[in-house]
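So you can see what is in the structure, the chains are spelled out below.
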Amino acid sequence: MQTYNDYIKEIEERKSQGLHPKPIDGAELTSEIIAQIKDVNNPNREDSLNFFIYNTLPGTTSAAGVKAKFLKEIILGESVVEEITPAFAFEQLSHMKGGPSIEVLLDLALGNDEAIALEAAKVLKTQVFLYEADTERLETAFKNGSTIAKDIIESYAKAEFFTKLPDVEEEIQVVTYIAGVGDISTDLLSPGADAHSRSDRELHGQCIFEHNKDMQQEVLALKEQHPDKRVMLIAEKGTMGVGSSRMSGVNNVALWTGVSSSPYVPFINIAPVIAGTNGIAPIFLTTVGVTGGIGIDLKNWVTKKDADGNTVYDKDGEPVLEQVYSVETGTVLTINTKTKKLYNGDKELKDISTALTPQKMEFIKAGGSYAVVFGKKLQTFACAALGIDIPQVYAASKEISIENQGLTAVEKIFNKNAVGTTPGKTLHAGSNVRVEVNIVGSQDTTGLMTSQELEMMAATVISPIVDAGYQSGCHTASVWDDKSKANIPRLMKFMNDFGLITGRDPKGQYHAMTDVIHKVLNDITVDDWDIIIGGDSHTRMSKGVAFGADSGTVALALATGEATMPIPESVKVTFKGNMRSYMDFRDVVHATQQQMLKQFEGENVFQGRVIEVHIGTLTSDQAFTFTDWTAEMKAKASICISEDETLIESLEIARDRIQIMIEKGMDNEKQMLQGLVDKANNRIQELKTGIKSALKPDASAKYYAEVVIDLDEIAEPMIADPDVNNEDPSRRYTHDTIRPLSYYGGTKQVDLGFVGSCMVHKGDMKILAQMLKNIEAQQGKVEFKAPLVVAPPTYNIVDELKAEGDWEVLQKYSGFEFDDNAPKGLARTKYENMLYLERPGCNLCMGNQEKAEPGDTVMATSTRLFQGRVVKDSGEKKGESLLSSTPVVVLSTILGRTPTMEEYEKAVDGIVLTKFKPSQKQLVL
């Protein structure tokens, strides 16, 4: 019983951390526990019973397989356990969510003992996580005359697994807790530095509020004072959950404030209530729905207007906000799910019908969106087996079709990929649509949770309708420490077995690839009509339309090949004018946000919508800089509209990079990567022959807003500033403060520079090399007055730079170069004034392994300026993460401060930073 003894030892270790026993997922330990249960004189029997009943994970874990088999023995009388009656064994099976438990229930329901069969059928009627092997068994039995099978299938056709659930309570009382003022990043709820513990839900729960014990105690105190209410976490004067989907963030909120999903499954809570003055970030709101939670747009602060209806601004030119109603911590509010209103006592505060749509009410009733998705699938199977029409049980999918109105790009993509909609009906924004998914990506700090979700929903293989699935290793690329060594190989094996292409080969036959996931997904997307789902907020492709998602939605897409969501509204972005020769395309990205806010008096019209950007002439690598940034603009997604010739070039680049992956040995038995090469060649041929041109919206399409970016207005490099000392906390750490380089007067100290993350491409690395040569020619030498950390996003970029001679230039000036044969085992905490050539991957941008020194002012090409993400505060100074182009970052580290315009122009002299010119062709139909 060595495994059991090791488990007891681990339990003692966890006690010292204030933790309960870790949930059991292994077959060996479960088998030892069962042996001790069977031995009535065993001193560990009582503990073993508790572990078996209350601490064994369900789904397709190996532990669940052993548990289900033993419960079957009890039900059949082959084993007798006084504490587990056959009735209780059935109850246990009912909470095991598919996989082995369904197999056992089908064995019993289709067996020879009529009484047992009837009890098994009762339980089966409550289950939704059935797969093809399960439904085929039922259908075969039904066709062979089984009355039990017929009864079960008829129940499924009526969707009784859903209709017989308790209705959502009419009134849900909540007590408010303001978790922060201004935008709240999901890093506050699930810090990146704690990514290693996400799959250990109880342990990870300790990191909520960035380990702030005072805040944690305040939440516990509210729960104690209001035992009959739920705690509602609020972003006051801001948006909740910006930055990433972060399923672990929702899990943490649910763990502290939600309700238990099952008495027999530990630390899995559901139904959190989350709110923000400016609502919930789109990708985070999806995650809330996965758990059957409620996300509310409070609008308790609004822009102040004068008597003429004009916006009132403060001395800094920022719109003044005024409070409509208070939600200060400890306020008791009522959510009425019938009237769909928010109340304080009898006073109506806000219509919250968007948080309680028919579809979202179904998620709440079912305990999450998975059960609804699988329930609909099961109902469809049952009705087909019976040869009947599907009765209307679930809320009808909202289908909005507007006569004589053209389609935006996203509307076209959704119409092409839609499943189960009214035949021949054209759908517009606002329609709720099931769509097939082409590409699915899982990243490594959420991947372990995705694998758990797949086990929980009893999935064993990637859906055959998915063109490709990819598991990255980029978020843990910087430091190959003990946590990574324990977690990542296990993750890679699971995903490889599931059918994904994996960054690391479980068999060790190809070189470990730590390429940034968004870059890989951008390359393996080979059709502009594709839909992509990825386990990271920066799943924003320059081809097709991509949505960042939580680990659960990724699991659902991998298992079913589908996703369900409303068709988003779009904002059209076009360009006019000409770029100055010394400007980088990153400056265009920043200027887009700045000019948009100016045009709409501070309203972020991008938030929650698709940005349809008419890039036209930029290939996918450069265009990705724009789409990647749209996550920080709080957009739902982004779509690039390209000329045919540009799209052909982009597809050829992507195809050739996929071919390199094949040559490295990364393809699987199903030749998934070869299938992408074939698909790319087919799409290129369509474009070249004119059979099917590049995706373009209709000229008569309707947009929420149209933004025109004037390139002539961009006179100098632009910087996104976290504005850490703003008197108004709600103005800090937003991406809306965009400043020109001259604002800093060439005097702001820079303590560290970072060139890397998904925001850079091969061109940035070449710019870096050329700048170093320029500066040496101008000054006689290159001397860094601040550290410069460089992390190329992919290995293929490194290979291409080596072939073209640029990597040799970088090596010449570097004081450190990564070595894959001896990766770092510890995170760097101190930096010298030199160039660091780091391993391809996320590096500082992720902030989960390495960070700048506390209190540093960092100039970075990355996307994250949230508090504590790239740099923490010190006791003396707040850490700052300013975001800018590669040339600004490089020069800032050489000078140790922000450059003047004269210094900047001199350093980039002769370097082609971008060739972007607005397209002169018609990009609409």
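See the structure printed just above.
Quantities reported herein were computed from a predicted structural model and do not represent experimental measurements.

Trainee: Can you walk me through the overall build of the protein in this structure?
Mentor: Secondary structure assignment for the protein yields 31 helices and 33 strands. The C-alpha radius of gyration of the protein comes to 28 Å, within 12% of the 29 Å expected for a compact globule of 925 residues. Dimensions of the protein, computed from C-alpha atoms along their principal axes, come out at roughly 90 × 65 × 65 Å. The burial tally for the protein puts 61% of its 925 residues in the buried class. Summarising the internal contacts of the protein: among those between residues at least 6 apart in sequence, 73% fall at separations of at least 24. Per element, the accessible surface of the protein, about 34900 Å² overall, is 48% carbon and sulfur. Separation of charge centres in the protein, based on 96 positive and 130 negative side chains, amounts to 2 Å.

Trainee: It is not clear to me how the pairing of strand β17 (residues 468–471) should be interpreted in this structure. Could you clarify?
Mentor: Along any regular strand the residues' side chains alternate between the sheet's two faces. Alternating positions in β17 separate into two faces, Ala468 and Tyr470 on one and Gly469 and Gln471 on the other, with burial throughout. In terms of strand pairing, strand β16 (residues 439–442) meets β17 through 4 bridges, oriented parallel. Directly across from Gly441, in β17, lies its bridge partner Tyr470. This β-α-β element, β16 to helix α19 (residues 444–456) to β17, shows right-handed connectivity.

Trainee: So what exactly am I meant to see when it comes to the packing of aromatic side chains here?
Mentor: Aromatic ring pairs are described here by two measures, namely the spacing of the ring centres and the angle between the planes. Here the structure, examined in full by the defined rule, presents 20 aromatic pairs. Note on Phe585 and Phe916: the rings are 5.2 Å apart at their centroids and 75° apart in plane angle, and the pair reads as edge-to-face. Here Phe585 is found in helix α23 (residues 585–599), whereas its partner Phe916 is found in the segment after α31 (901–907), with 331 residues between them in sequence. An identical accessibility class is assigned to Phe585 and Phe916; each is buried. Taken together, a centroid distance of 6.2 Å and an interplanar angle of 45° make the contact between Phe816 and Tyr836 tilted. Taken together, the residues Phe816 in strand β30 (residues 814–817) and Tyr836 in strand β31 (residues 835–837) connect sequence positions 20 residues apart. Relative accessible area serves as the criterion here: at 23%, Phe816 is assigned to the partly exposed category. On the basis of relative accessibility, which here comes to 3%, the residue Tyr836 falls in the buried class. Taken together, Phe575, Phe585, Phe626 and Phe916 form an aromatic cluster joined through their ring pairs. One residue, Lys237, lies across the ring of Trp301, its end atom 4.4 Å from the ring centre. The lysine or arginine in question, Lys376, covers the ring of Tyr394, its NZ or CZ lying 5.7 Å from the ring centre.

Trainee: How should the side chain of His590 be read in this particular structure?
Mentor: Residue position: His590 is located in helix α23. On the basis of relative accessible area, His590 is assigned to the buried category, the value being 0%. Contact partners of His590, with chain neighbours within four places excluded, come to Trp629, Met718, Ala720, Ile738, Leu883 and Ser884.

Trainee: Whenever I open this one, the sheet that holds strand β25 (residues 705–710) confuses me. Can you help?
Mentor: Sheets are built from strands paired through backbone hydrogen bonds, the pairs being either parallel or antiparallel. Read from one edge of the open sheet, 4 strands run β24-β23-β22-β25, paired in parallel fashion. If you trace the sheet from one side to the other, it starts and ends with β24 (637–642) and β25, each paired once. Neighbour to neighbour, the strand axes of the sheet diverge by 25° on average, direction disregarded. Of the strand pairs in this sheet, strand β22 (residues 570–576) and β25 are connected by 6 bridges, and their pairing is parallel. Bridging from a neighbouring strand, Val573 pairs with Val707 of β25. The strands that helix α18 (residues 409–417) touches are β22, β23 (610–616) and β24; relative to β24, the one it contacts most, it runs at about 100°.

Trainee: Which parts of the structure should I look at to understand the pairing of strand β3 (residues 230–236)?
Mentor: Of all the 7 residues making up β3, 7 are buried; the element is thus mostly covered by neighbouring parts of the structure. Every second residue of β3 is oriented toward a common face, with Arg230, Met232, Ile234 and Glu236 on one face and Val231, Leu233 and Ala235 on the other, all of them buried. Both strand β1 (residues 171–181) and β3 contribute to a ladder of 7 bridges, which runs parallel. Directly across from Thr176, in β3, lies its bridge partner Met232. Two strands pair when backbone bridges link them, and β3 and strand β7 (residues 273–276) are joined in this way by 4 bridges, in the parallel orientation. Considered in β7, the bridge of Met232 is made with Val273.

Trainee: I would appreciate a short explanation of the pattern of salt bridges in the present structure.
Mentor: Should the charged atoms of two oppositely charged side chains come close, the side chains can pair. Taken as a whole and judged by the stated rule, the model has 57 salt bridges. Lys229 serves as the salt-bridge partner of Asp228, at 3.1 Å between the closest nitrogen and oxygen. On the basis of relative accessible area, Lys229 is assigned to the buried category, the value being 18%. Ionic contacts of the salt-bridge type, sharing partners, join the residues Lys762, Lys766, Glu800, Glu804 and Asp806 into one network.

Trainee: When you look at empty space enclosed by the protein in this model, what are you seeing that I'm missing?
Mentor: Leftover empty space is mapped by rolling, across the atoms, a probe with the size of a water molecule. With the rule as written, the count across this model stands at 9 cavities of 30 Å³ or more. Taken as a whole, the largest cavity holds about 210 Å³ of empty space. Every residue lining the largest cavity is counted, 25 residues in all, and those nearest its centre are His475, Asp536, Met846, Arg864 and Arg869. Residue composition of the lining of the largest cavity, by class: 7 nonpolar, 12 polar and 6 charged.

Trainee: Please explain the state of the cysteines as it appears in this structure.
Mentor: One covalent bond between the sulfur atoms of two cysteine residues makes up a disulfide. What the rule picks out here adds up to 0 disulfides. This cysteine, Cys758, is not joined by any disulfide, and Cys845 carries the nearest cysteine sulfur, 5.6 Å off. Owing to a relative accessible area of 4%, Cys758 belongs among the buried residues under this scheme. The thiol of Cys842 is unpaired, and the distance to the nearest cysteine sulfur, on Cys474, comes to 3.7 Å. Residue classification places Cys842 among the buried residues on the basis of a relative accessible area of 7%.

Trainee: Is there a simple way to think about the nonpolar core in this case?
Mentor: Proteins that are soluble and globular tend to have nonpolar side chains buried together. Ile84, Phe209, Met457, Ile524 and Phe575 are the most contacted members of the largest nonpolar core, which totals 263 residues. For Ile524, the residues in contact, after removing those within four places along its chain, are Ile439, Ala468, Tyr470, Ile658, Met661 and Leu676. Counting residues in each nonpolar core, the second largest holds 20 residues, with Ile172, Ala275, Val327 and Leu356 among its members.

Trainee: Would you mind going over helix α8 (residues 132–143) with me for this structure?
Mentor: Each full turn of the α-helix corresponds to 3.6 residues, which orients residues three or four apart in the same direction. Look at α8: 16 Å from first C-alpha to last across 12 residues, which is about the 16 Å you get at 1.5 Å a residue. One or two positions beyond α8, positive phi appears at Gly145, with a value near 95°.

Trainee: What's the story with the layout of surface pockets in this structure? I'm lost.
Mentor: Computed from the structure, the second largest pocket encloses a volume of approximately 1300 Å³. If you go around the second largest pocket, you meet 50 residues; those closest to its centre are Lys97, Ser261, Ala366, Gly367 and Ala371. Where the lining of the second largest pocket is concerned, the elements lending two or more residues are α10 (160–163), α14 (247–257), β5 (259–260), β6 (269–270), α16 (358–366), α17 (369–386) and α19. Per-element accounting of the lining of the second largest pocket gives the leading share, 4 residues, to α17. Residues that form the lining of the second largest pocket fall into these classes: 24 nonpolar, 15 polar and 11 charged.

Trainee: It is not clear to me how the packing of helix α25 (residues 644–663) against helix α26 (residues 672–689) should be interpreted in this structure. Could you clarify?
Mentor: Two numbers describe a pair of packed helices, the interaxial angle and the distance between the axes. Close contact between α25 and α26 brings their axes to 9 Å; oriented N to C, the two are set at 160°. Our classification of the angle between α25 and α26 gives roughly antiparallel. Helix-helix and strand crossings are classified by hand; for α25 and α26 the assignment is left-handed. Each of Asp644, Leu647, Ile648, Leu651, Glu652, Arg655, Ile658, Gln659, Met661 and Ile662 in α25 lies in contact with α26, whose residues at this interface are Leu673, Gln674, Leu676, Val677, Ala680, Asn681, Arg683, Ile684, Leu687 and Lys688. Of the residues contributing to the contact of α25 with α26, the split by class is 12 nonpolar, 3 polar and 5 charged.

Thresholds, definitions, all that
- Residues numbered from 1 in each chain as written.
- Predicted model: local features only at pLDDT ≥ 70, side-chain atom pairs only at ≥ 80, totals over all residues.
- Heavy atoms only, no water.
- Helix = DSSP H or I, 4+ residues; strand = E, 2+ residues; numbered from the N terminus.
- Rg over C-alpha atoms; globule rule 2.2 N^0.38 Å.
- Buried < 20%, exposed > 50% of the residue type's maximum accessible area, 1.4 Å probe, protein only.
- Contact = heavy atoms within 4.5 Å.
- Areas by Shrake-Rupley, 256 points an atom, 1.4 Å probe, with all protein chains shown as cover.
- Lys, Arg positive; Asp, Glu negative; His and termini not counted.
- Charge placed at Lys NZ, Arg CZ, Asp CG, Glu CD.
- Pairing = 2+ DSSP bridges.
- Right-handed = clockwise from strand over helix to strand, strands pointing away.
- Phe/Tyr/Trp six-rings, centres within 6.5 Å; stacked < 30°, edge-to-face > 60°.
- Lys NZ or Arg CZ within 6 Å of the ring centre and 35° of its normal.
- Axes fitted to C-alpha atoms, helices over the stretch in contact; angles between N-to-C directions.
- Salt bridge = Lys/Arg side-chain N within 4 Å of Asp/Glu carboxyl O.
- 1 Å grid on protein atoms, 1.4 Å probe; cavity = no way out; pocket = protein on both sides within 12 Å on 5 of 7 lines; lining within 4 Å.
- Points joined across faces, edges and corners; volume = space filled by probe spheres on them.
- Nonpolar A, V, L, I, M, F, W, Y, C, P; charged D, E, K, R; others polar.
- Disulfide = S-S within 2.5 Å.
- Core = buried A, V, L, I, M, F, W, Y, C linked by side-chain atoms within 4.5 Å.
- Expected span 1.5 Å × (residues − 1).
- Parallel < 35°, antiparallel > 145°, perpendicular 65-115°, else oblique.
- Left-handed = near helix turned anticlockwise from the far one by under 90°.

Distances and angles like these do not, on their own, reveal function.
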